[in-house]
Amino acid sequence: MKIEEIIINKTAEAIQTLYNTPIDSSSVQITKTKKEFEGNLTMVVFPFLKISKKSPDLTAQDIGQYLVQNIPKIDKYNVIKGFLNISVSNSYWISFLNNALTEKEYGTKPVNANTPPVLVEFSSPNTNKPLHLGHIRNNLLGWSVSEILKANGKNVVRVNLVNDRGIHICKSMLAWQKWGNNCTPESESKKGDKLVGEFYVLFDKENKKEIEQLKQSGFNDEEAQKKTSLLQEAQTMLKKWEEGDKDVLSLWERMNSWVYKGFDETYKKMGISFDRIYHESQTYKSGKNIVQKGIENNVITKKEDGSAWIDLTADGLDEKLLLRADGTSVYITQDIGTAVQRFSEYSPEKQIYVVGNEQNYHFQVLALVLSKLGYQWAKDIFHLSYGMVELPEGKMKSREGTVVDADDLMDEMTQSAREISKELGKLDDLSTEEAEKIIQTIAMGALKYFILKVDPKKNMLFDPKESIDFNGNTGPFIQYTYTRIQSVLRKAAETGIQLNENIRENISEIEKEKEIIQLLYEFPDVVMEAGKAYSPALIANYTYELAKTYNQLYHDFPILKEENSDIRNLRIGLSLLSGNVIKKAMELLGINVPEKM
RNA sequence: GGUUCCGUAGCUCAGUUGGAUAGAGCAACAGCCUUCUAAGCUGUGGGUCAUGGGUUCGAGCCCCGUCGGAAUCACCA
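Asks: Can you tell me about the overall build of chain A, naming the residues and giving the values?
Replies: A count of helices and strands for chain A gives 22 helices and 14 strands. Counting only residues that meet the buried cut, chain A has 52% of its 597 residues in that class. In chain A, the share of contacts with a sequence separation of at least 24, taken over all contacts with a separation of at least 6, comes to 75%. Accessible area of chain A: about 28,700 Å², with a carbon and sulfur share of 48%. Each charge class in chain A can be summarised by its mean position, and for the 75 positive and 84 negative side chains these summaries are 1 Å apart.

In structure tokens:
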């Protein structure tokens, strides 16, 4: 049993014995003791004052005394302004450390492959342009949350729903046909997604020109937007695509294949992969049938013009269109279809959608529509909504060219890592190959940590200058701490010091050590909390705290050179576990750790 | 206009179901390498937690108002 539980139970017992009143154990509040006070765990006794009919200090004294007398693992307590600070014995902490060191995967639960899976959808790019900074946050979150859920024993399936059809890709296709001169990624020596993206931008540019012309010949803005020959051509192309026109389909396949190749490269560099990839072109029709059934069951109404609507006003939302007048499906129709398809395919415990908070309304509607259509699992749909990434200049706008490209960003990070490493001379005695690998690891660590340390729900500012900082609360700082630990452990092995020796449990005067052990002790709870909250940020902040504290120990105390062998073993033991926990925690963030840097 | 979210140090962010004197990093300044990697450690300054009320023994956190910002309310995705 964890010490907190013991304290809670014994406190309930104490209050029963001392004041003859039963209490619910949930009213006992235990928190970590603040650094400036002596002790490890703190109990707030205010809730018990009505029962004890004594001052906060006296009540705390009563309980503190009882606990010390009745729990051997507690050796003292102190009371400050109604806060009961409890000191847990050194032997408790060291015995915990000894145990944790024997656990193979300390802090995580094994995945049970026989349980219903949890689907995590993320990335879900459009195939008309390359990935940018916004996608990076999405991908990193999706990946990390998947890892965190796995660490909580969930049977996770990573899903990517590629939006490979629609007017946007037709725009790129059309522009390529008109002005592409049959160019290919090979002929231009460009990544396929970049090339296709350029044609998307080109379409927009030419289309704008046409809009201007139309406006000059007397049309208002709205009319001009709809009337351009380019847009009409694109729409014709989309229609042909839906009809299965051979030429359109073959161009579509060709250009999409360029994009996929480009995406694969980006994903690979990012260290991201999926268990299952859906393509919208294959799922978009299934939603229509479901809507049709909804019309038959009078959940959905068909208007005179043929469009289908669902009335959500009773739930505080608006009316929502589900099929256009011409019978084609809209975005949500497709989402209804894929949700149903995925449910029938996996019978998941939960479907998690990692999608930006700009779509909060959409997912509110989606869950509501599904439940109105009678799908009980609609309640198991969870929109993991994350905030926008903004730049110092403001919002990213693809048309104004203020988008931060994913590949460029990763390359810049790598370049900075290379320069800084060189400047510090850190990798001088390694081969170029080894050095490059470490540089990559550091660069990606910096980027990933920078983004994941922020609470997913919040909007965040991405300052490129700050993101390449490798000091302070950053990924490389944590990676560096890990390499320091590994260096110590290597040296220990070299000098023939046993690593896995059982540590003697009654050692005194080990304040800093205890602080680290207590942090290590908290790791499983942090993993659990992060899973509940879908928040990699909790893992990130915890890991930083651990690394920082370890660095203090490393700086202030000798480890291998400690003469007292009991203390030396203790420091080595907690170095070992700190290293393991840091590595595991970083893994949960999708970040690798180098052995040297 | 309706709905939702946000506002904490100059900047970027933490702050557990309401608990002690609100914490980190960056930036600034001052120190620490003959000792296991200085991508490190230590110290100094920096706050009306947007604002006004309320609930409570106790509020950055809960409730109401005000101000400021964002998203969304498409026969776009």
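Asks: I'd like a description of the state of the cysteines, backed by residues and values.
Replies: Scanning the model with the defined rule gives 0 disulfides in all. A disulfide-free cysteine, Cys170 has its sulfur positioned 18 Å from the sulfur of Cys183, the nearest such atom. When its relative accessible area of 1% is taken as the criterion, Cys170 is described as buried.

Asks: Tell me about the protein's contact with RNA strand B, and please be specific about residues and values.
Replies: Close to RNA strand B lie 64 residues, the nearest being Asp305, Asp318, Lys426, Tyr480 and Phe557. Restricting the count to atoms of RNA strand B within 4 Å of the protein gives a sugar and phosphate share of 64%. Contacts to RNA strand B include Asp455, whose backbone N or O atom sits 2.6 Å from a phosphate oxygen. Within the contact set of RNA strand B, a phosphate oxygen lies 2.6 Å away from a side-chain nitrogen or oxygen of Arg484. At the level of secondary structure, the elements contributing two or more residues to the surface near RNA strand B comprise strand E2 (41-44), strand E4 (83-88), helix H16 (406-424), strand E14 (460-461), helix H19 (475-494) and helix H21 (536-556). Counted by class, the surface near RNA strand B contains 28 nonpolar, 19 polar and 17 charged residues.

Asks: Outline the domain arrangement of chain A, supporting the account with residue identities and numerical values.
Replies: Here the domain parsing of chain A yields domain 1 (3-88), domain 2 (165-274) and domain 3 (406-588). Inter-centroid distance (C-alpha atoms) of domain 1 to domain 2 is 68 Å.

Asks: Describe the sheet that holds strand E1 (residues 29-32), with residues and values.
Replies: Across the sheet, 4 strands lie side by side as E1-E2-E4-E3; this open sheet has antiparallel pairing. At either margin of the open sheet sits one strand with a lone partner, and together these are E1 and strand E3 (74-80). Between one strand axis and the next, the sheet turns through 30 degrees on average, direction left out of account. Here 6 bridges tie E3 to E4, and the two strands are oriented antiparallel to one another. Across the sheet, residue Tyr77 finds its bridge partner in E4, namely Ile86. With respect to the sheet, helix H1 (residues 3-19) is in contact with E1, E2, E3 and E4, its orientation differing from that of E2 by roughly 30 degrees.

Asks: How would you summarise the pattern of salt bridges if you had to cite specific residues and measurements?
Replies: Evaluation of the coordinates by the stated rule reveals 34 salt bridges. Note that Lys191 and Asp407 form a salt bridge whose closest N and O atoms lie 2.5 Å from each other. Of this pair, Lys191 sits in the loop between helix H7 (185-188) and helix H8 (192-216) while Asp407 sits in helix H16; the two residues are 216 residues apart in sequence, bridging distant segments of the chain. Lys191 sits in the buried class, given a relative accessible area of 16%. When salt bridges that share partners are traced, they join Lys191, Asp193, Lys194, Asp405 and Asp407 into one network.

Asks: Please provide a residue-by-residue account of a positive patch on the surface, values included.
Replies: A contiguous patch of positive charge, built from Arg490, Lys491, Lys561 and Lys596, is present on the exposed surface. Within the secondary structure, Lys491 sits in helix H19.

Asks: A description of helix H6 (residues 167-179) should follow, citing residues and the corresponding values.
Replies: With 13 residues, H6 should reach 18 Å at 1.5 Å per residue; the first-to-last C-alpha distance of 18 Å fits that figure. Restricting attention to buried positions, one finds in H6 the residues His168, Ile169, Cys170, Lys171, Ser172, Met173, Leu174, Ala175 and Trp176. Asn181 lies just past H6 and shows a positive phi near 50 degrees.

Asks: Outline the packing of aromatic side chains, supporting the account with residue identities and numerical values.
Replies: Within this structure, the stated rule accounts for 21 aromatic pairs. On the basis of an interplanar angle of 75 degrees and a centroid distance of 6.0 Å, the ring pair of Phe46 and Phe83 is categorised as edge-to-face. Of this pair, Phe46 sits in the loop between E2 and helix H2 (49-52) while Phe83 sits in strand E4; the two residues are 37 residues apart in sequence, bridging distant segments of the chain. On the basis of relative accessible area, Phe46 is assigned to the partly exposed category, the value being 40%. You can call Phe83 partly exposed: its relative accessible area is 34%. Between Phe382 and Tyr534 the ring centres are 4.6 Å apart and the planes differ by 25 degrees, which places this aromatic pair in the stacked class.

Asks: So what about the environment of Leu430? Which residues, and what values?
Replies: Structurally, Leu430 is set in the loop between H16 and helix H17 (432-452). A relative accessible area of 17% places Leu430 in the buried class. In this structure the C-alpha to C-alpha distance between Leu430 and Met597, which are 167 residues apart in sequence, comes to 9.8 Å. Beyond its immediate sequence surroundings of up to four residues, Leu430 is in contact with Ala435, Ile438 and Lys596.

Asks: Just give me the short version of the pairing of strand E12 (residues 381-386), but keep the residues and values in it.
Replies: For E12, a buried count of 5 out of 6 residues is recorded, marking the element as mostly surrounded by other parts of the structure. Pairing between strand E11 (residues 350-356) and E12: 6 bridges, direction parallel. The partner of Gly356 across the bridge, within E12, is Tyr386. After leaving E11, the chain enters helix H15 (residues 360-372) and then returns to the sheet as E12, a path that is right-handed.

Asks: Can you tell me about the sheet that holds strand E6 (residues 156-162), naming the residues and giving the values?
Replies: Where strands meet in a sheet, backbone hydrogen bonds hold them as pairs that are either parallel or antiparallel. Reading across the sheet, the 5 strands line up as E7-E6-E5-E11-E12 and stay open at both edges, with parallel pairing between neighbours. Each edge of the open sheet carries a strand with a single partner, namely strand E7 (276-279) and E12. Ignoring strand direction, the axes of neighbouring strands in this sheet form an average angle of 25 degrees.

Asks: For the side chain of Asn551, give the residues involved together with the corresponding values.
Replies: With respect to the helices, strands and loops of the structure, Asn551 is situated in helix H21. Among the polar contacts made by the side chain of Asn551, one reaches the side chain of Thr481 at a distance of 3.0 Å. If we ignore the near neighbours within four places in the chain, the residues touching Asn551 are Phe477, Thr481 and Arg484.

What counts and what doesn't
Within each chain, residue numbers correspond to sequence positions counted from 1 in written order. In the order they appear in the text, chains get letters beginning with A and ligands get numbers beginning with 1. Where local features are concerned, this predicted model is filtered to residues with pLDDT of at least 70; where side-chain atom pairs are given and counted, the filter is 80 or more; whole-chain, interface and lining totals use all residues. The basis for every side-chain value is the complete set of non-hydrogen atoms in the structure, without hydrogens or water. The numbering of helices and of strands both runs from the N terminus, where a helix is a DSSP run of H or I of at least 4 residues and a strand a run of E of at least 2. Think of it in three bands: with a 1.4 Å probe and only protein chains considered, a residue is buried below 20% of the maximum accessible area for its type, exposed above 50%, and partly exposed in between. Every residue pair with non-hydrogen atoms within 4.5 Å of one another is taken to be in contact. Surface exposure here means Shrake-Rupley accessible area, sampled with a 1.4 Å probe, where a residue is shielded only by the protein chains that are shown. Positive residues here are Lys and Arg, negative ones are Asp and Glu, while His and the chain termini are left out of the count. Throughout, a charge is located at the NZ atom of Lys, the CZ atom of Arg, the CG atom of Asp or the CD atom of Glu. When the sulfur atoms of two cysteines come within 2.5 Å, that pair is taken as a disulfide. Whether a residue is near a molecule or strand is decided by its heavy atoms; if any one of them lies within 4 Å of it, the residue is near. Here a polar contact means two N or O atoms within 3.5 Å. Within protein one must be a hydrogen donor candidate and the other an acceptor candidate, and residues neighboring in sequence count only if both atoms are side-chain atoms. Each residue is assigned to one of three groups, with Ala, Val, Leu, Ile, Met, Phe, Trp, Tyr, Cys and Pro labelled nonpolar, Asp, Glu, Lys and Arg labelled charged, and all others, Gly among them, labelled polar. Domain start and stop positions are those given by an automatic or database domain assignment. A pair of strands is considered paired only if DSSP assigns at least 2 bridges between the two. Fitting a line to C-alpha atoms yields each axis, with helices limited to the stretch in contact; the angle taken between N-to-C directions then spans 0 to 180 degrees. What makes a salt bridge here is a side-chain nitrogen of Lys or Arg within 4 Å of a carboxyl oxygen of Asp or Glu, nothing more. By definition, no residue in a patch forms a salt bridge, and every one has over 30% relative accessible area; like charges are joined within 9 Å, nonpolar side chains (Val, Leu, Ile, Met, Phe, Trp, Tyr) within 5 Å. For a helix, the expected span equals 1.5 Å multiplied by the number of residues minus one. We call Phe, Tyr and Trp rings a pair once their centres come within 6.5 Å, taking the six-membered ring for Trp, and we label the pair stacked below 30 degrees between planes, edge-to-face above 60, and tilted otherwise. Orient the strands so they point away from the viewer, and a crossover whose first-strand-to-second-strand path over the helix runs clockwise is right-handed.

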